[in-house]
Amino acid sequence: MEAVGFVELLAAPAAKRRWSDEAKGRMVAETLVPGVTVNEVARQHGVKANHLSSWRTLARQGKLVVPQIAGAEFAPPVAVTQTLEPPVVTGTVDLVIGLVTVRLDTATPAARVAELVIALQACA
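Figured I'd write up the structure that's included with this text. Quick caveat: nothing in here was measured; it's all calculated off a predicted structure.

About the cut-offs
Residues numbered from 1 in each chain as written. Predicted model: local features only at pLDDT ≥ 70, side-chain atom pairs only at ≥ 80, totals over all residues. Heavy atoms only, no water. Helix = DSSP H or I, 4+ residues; strand = E, 2+ residues; numbered from the N terminus. Pairing = 2+ DSSP bridges. Buried < 20%, exposed > 50% of the residue type's maximum accessible area, 1.4 Å probe, protein only. Arc of directions from axis to C-beta. Contact = heavy atoms within 4.5 Å. Axes fitted to C-alpha atoms, helices over the stretch in contact; angles between N-to-C directions. Parallel < 35°, antiparallel > 145°, perpendicular 65-115°, else oblique. Nonpolar A, V, L, I, M, F, W, Y, C, P; charged D, E, K, R; others polar. Salt bridge = Lys/Arg side-chain N within 4 Å of Asp/Glu carboxyl O.

1. What to know about the environment of Asp105
Link 1 in the chain: Mapped onto the elements, Asp105 comes out in strand E2 (residues 100–105).
Link 2 in the chain: The sequence separation of Asp105 and Val93 amounts to 12 residues, and the corresponding C-alpha distance is 6.2 Å.

2. Thoughts on the pairing of E2
Link 1 in the chain: Where strand E1 (residues 92–97) meets E2, six bridges bridge the pair, whose relative direction is antiparallel. Residue pairing for E2: Val93 is matched across the bridge by Leu104.
Link 2 in the chain: Here E1 folds back onto E2, and the loop between the two strands holds two residues, one of which, Gly98, carries a positive phi near 65°.

3. A closer look at helix H2 (residues 38–45)
Link 1 in the chain: Among the residues of H2, those classed as buried are Val38, Val41 and Ala42. What you see down the axis of H2 is that its buried residues fit within an arc of 100°, all on one side. Counted as exposed and oriented over 90 degrees from the buried face of H2: Arg43 and Gln44.
Link 2 in the chain: Elements in contact with the buried residues of H2: helix H1 (21–31) and helix H3 (49–60).
Link 3 in the chain: Taken from the residues just after H2, Gly46 is the one with a positive phi, measuring 70°.

4. Remarks on the packing of H1 against H3
Link 1 in the chain: Contact pair H1 / H3: the axes reach a minimum separation of 9 Å and the direction vectors enclose 95°. The orientation of H1 relative to H3 falls into the category roughly perpendicular. Of the residues in H3, those touching H1 at Lys24, Met27, Val28 and Thr31 are Leu52, Trp55, Arg56 and Ala59.
Link 2 in the chain: The residue makeup of the contact of H1 with H3, split by class, is five nonpolar, one polar and two charged.

5. What about the pattern of salt bridges?
Link 1 in the chain: Scanning the model with the defined rule gives four salt bridges in all.
Link 2 in the chain: Taking the shortest distance from any N to any O, the salt bridge between Asp21 and Lys24 comes out at 4.0 Å. Here Asp21 and its partner Lys24 are both found in helix H1, three residues apart, which amounts to about one turn of the helix.
Link 3 in the chain: One salt bridge in this structure joins Arg26 and Glu22, with 3.2 Å as the shortest N-O distance. Taken as a pair, Arg26 and Glu22 lie in helix H1 at a separation of four residues, close to a single helical turn.
Link 4 in the chain: Owing to a relative accessible area of 42%, Arg26 belongs among the partly exposed residues under this scheme.
Link 5 in the chain: Assessed through its relative accessible area of 59%, Glu22 is described here as exposed.

What follows is the structure in structure tokens.
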């Protein structure tokens, strides 16, 4: 018998899967276990990670029921208070309009800087 070369197999496109809300909820619950990633669960179930992430969003909005499984929970929101201090700016600011340069201290009030800009523009 003689070899014929190679055989090419063409697979039909896979049918679109429809996941039940119960199955979606179970998968979302698995992603809520500490240490488990969305990518791991998606790979395990043959789902695209972005679909699983959108189902998590639905669950957060209360539009998808998530069953209780051991260790699964949404992370509680944490409020952090920070004291923001204005940055300390030292040095000078140069206003250059045309051939005129005005050097100002950084402590110059903004209203005065605006007045000077208007005056310099009128002179140019």
